[in-house]
Amino acid sequence: MLSANIQAGSSTRGYHDYVARSWSHVLPAGNKRGSLDTIAQLAGQYDIVGLNESDPGSLRSGFTNQTHYLAQRGGFDYWSHQPNRRVGGVASSANGLLSKLEPREVIDHSLPGRISGRGVLMARFGDGDDGLVVAVAHLSLGAASRASQLGFIAELLGDHPHAVLMGDFNCAVERPEMQALFRSTRLQPPTCMVPTFPSWRPQRAIDHILISDGLACSSDACAMPAAMSDHLALSLELDVPEEALT
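Residues numbered from 1 in each chain as written. Predicted model: local features only at pLDDT ≥ 70, side-chain atom pairs only at ≥ 80, totals over all residues. Heavy atoms only, no water.

Here we look at the overall build of the protein chain
We apply this condition: Numbering of helices and strands starts at the N terminus; helices are DSSP runs of H or I of at least 4 residues and strands are runs of E of at least 2. Atoms counted for the radius of gyration: C-alpha only. Globule rule: 2.2 Å times the number of residues to the power 0.38. Buried means the residue's accessible area, taken with a 1.4 Å probe over protein chains only, is under 20% of the maximum for its type, while exposed means over 50%, and partly exposed covers the values in between. When checking whether two residues touch, look at their non-hydrogen atoms; a contact exists if any pair is within 4.5 Å. Surface accessibility follows the Shrake-Rupley procedure with a 1.4 Å probe radius. Residue values consider only the protein chains on display as shielding. Working convention for charge: Lys and Arg count positive, Asp and Glu count negative, and His plus the chain ends are omitted. Each charge is placed at NZ for Lys, CZ for Arg, CG for Asp and CD for Glu.
From N to C terminus, the protein chain includes five helices and 14 strands. Relative to the globule expectation of 18 Å for 246 residues, the C-alpha radius of gyration of the protein chain, 17 Å, shows essentially globular dimensions. Within the protein chain, the fraction of its 246 residues that count as buried is 54%. Contacts in the protein chain between residues at least 24 apart in sequence constitute 67% of all its contacts with a sequence separation of at least 6. Within the structure as shown, the protein chain displays about 10700 Å² of accessible surface, and the carbon and sulfur contribution to it stands at 50%. Within the protein chain, one finds 19 positive and 25 negative side-chain charges whose respective centroids are separated by 13 Å.

Some remarks on the sheet that holds strand 7 (residues 132–138)
Quick note on the threshold: One bridge is not enough; two strands pair if DSSP finds at least two bridges between them. Here the axes come from fitting lines to C-alpha atoms, over the contacting stretch only for helices, and the angles between their N-to-C directions go from 0 to 180 degrees.
Strand order in the open sheet formed by six strands is 5-6-7-8-10-9, with mixed pairing between adjacent strands. The sheet terminates laterally at strand 5 (105–110) and strand 9 (187–188), the two strands that pair on one side only. Both strand 9 and strand 10 (residues 207–212) contribute to a ladder of two bridges, which runs antiparallel. Within the sheet, the bridge partner assigned to Gln-188 lies in strand 10 and is Ile-211. Lying over the sheet, helix 4 (residues 143–157) contacts strand 5, strand 6 (119–125), strand 7, strand 8 (163–168) and strand 9, oriented at roughly 15° with respect to strand 6. Docked against the sheet, helix 5 (residues 176–184) engages strand 8, strand 9 and strand 10, running at close to 20° with respect to strand 10.

Details of the packing of aromatic side chains
We apply this condition: Stacked, tilted and edge-to-face pairs are distinguished by plane angle, under 30 degrees for stacked and over 60 for edge-to-face with tilted covering the rest, among Phe, Tyr and Trp rings (Trp via its six-membered ring) whose centres lie within 6.5 Å. By the criterion adopted, a ring carries a charge over it if an Arg CZ or a Lys NZ lies within 6 Å of its centre and within 35 degrees of its normal.
In the structure shown here, the tally under the stated rule is zero aromatic pairs. Sitting above the plane of the Phe-76 ring, Lys-100 keeps its charged end 5.2 Å from the centroid.

Considerations on the pattern of salt bridges
For clarity, the threshold we go by: For salt bridges, the criterion is a side-chain nitrogen of Lys or Arg within 4 Å of an Asp or Glu carboxyl oxygen.
Following the criterion strictly, the structure yields six salt bridges and no others. The closest approach of N and O atoms between Arg-124 and Glu-105, which form a salt bridge, is 3.5 Å. Remark: Glu-105 occurs in strand 5 and Arg-124 occurs in strand 6; sequence separation between them is 19 residues. Here Arg-175 makes a salt bridge to Glu-177, at a shortest N to O gap of 3.4 Å. What makes Arg-175 partly exposed here is its relative accessible area of 35%. Since its relative accessible area comes to 8%, Glu-177 is described here as buried. Each of Arg-146, Arg-175 and Glu-177 takes part in salt bridges that share partners, so that together they form one network.

Remarks on helix 3 (residues 66–74)
Gln-66, Thr-67, Tyr-69, Leu-70, Ala-71 and Gly-74 are the residues of helix 3 that are buried. Positive phi appears at Gly-75, one or two residues downstream of helix 3, with a value of about 80°.

Topic: the environment of Glu-243
Looking at where Glu-243 falls in the secondary structure, it is placed in the segment after strand 14 (238–239). We classify Glu-243 as partly exposed; its relative accessible area is 47%.

Some points on the state of the cysteines
Cut-off, in case you're wondering: Cysteine sulfur atoms are paired as a disulfide whenever they come within 2.5 Å of each other.
Counted according to the given criterion, the structure contains zero disulfides. The closest cysteine sulfur to the non-disulfide-bonded Cys-192 is located on Cys-217, 8.8 Å from its own sulfur. Cys-222 takes part in no disulfide bond, and the closest cysteine sulfur to it belongs to Cys-192, at a distance of 9.6 Å. Among the residues examined, Cys-222 registers a relative accessible area of 38% and is labelled partly exposed.

In structure tokens:
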């Protein structure tokens, strides 16, 4: 599995770029298509990919649905997206899911928070209560909003034995709101912290792939560049029981 905040294909190589290259977040300029091709090469090595900040087709992406583009370029038969934020009518952002396995259903939920525009995209693989559930979320910057969002997600995942929650959490697992999530679900804290932000000098582990206790990791999580995004992508190899996929 891979989780990647792709920053809509924009390039950020240092904090100064947030100001110097701010135009790239609202205009269809820069080599966004080249960045997407690089991300597609990386994503194509995985069976399931969760995306954050994937533009669903606004001015800044040249009206390209970036999730669909990555699905085509990466060799994914199944894809879905959840547009959840619009910026000034010229930019939009979405959670996305790419999969080489056919999901039984995909549902998107709006997340609570002081400012609207956050969501969680959920896909179910396999039948019955033991089927694999994969949720992709992008949480708020504020701790109070994150707490309510994680509480909402905890209710969705409940006591599910084969669940994956991944995305940009904007916080470390030591935070109280994350600890509340672990107490309320069967999701487990990661065995090691992998810094993913900022991509040019990773210091904060704020992107996560969390798995429930019915799943097992084949290896430790690994961070790698997602083209020129300000986040590194995070990968994890899972052993999933056959009954969770059938």
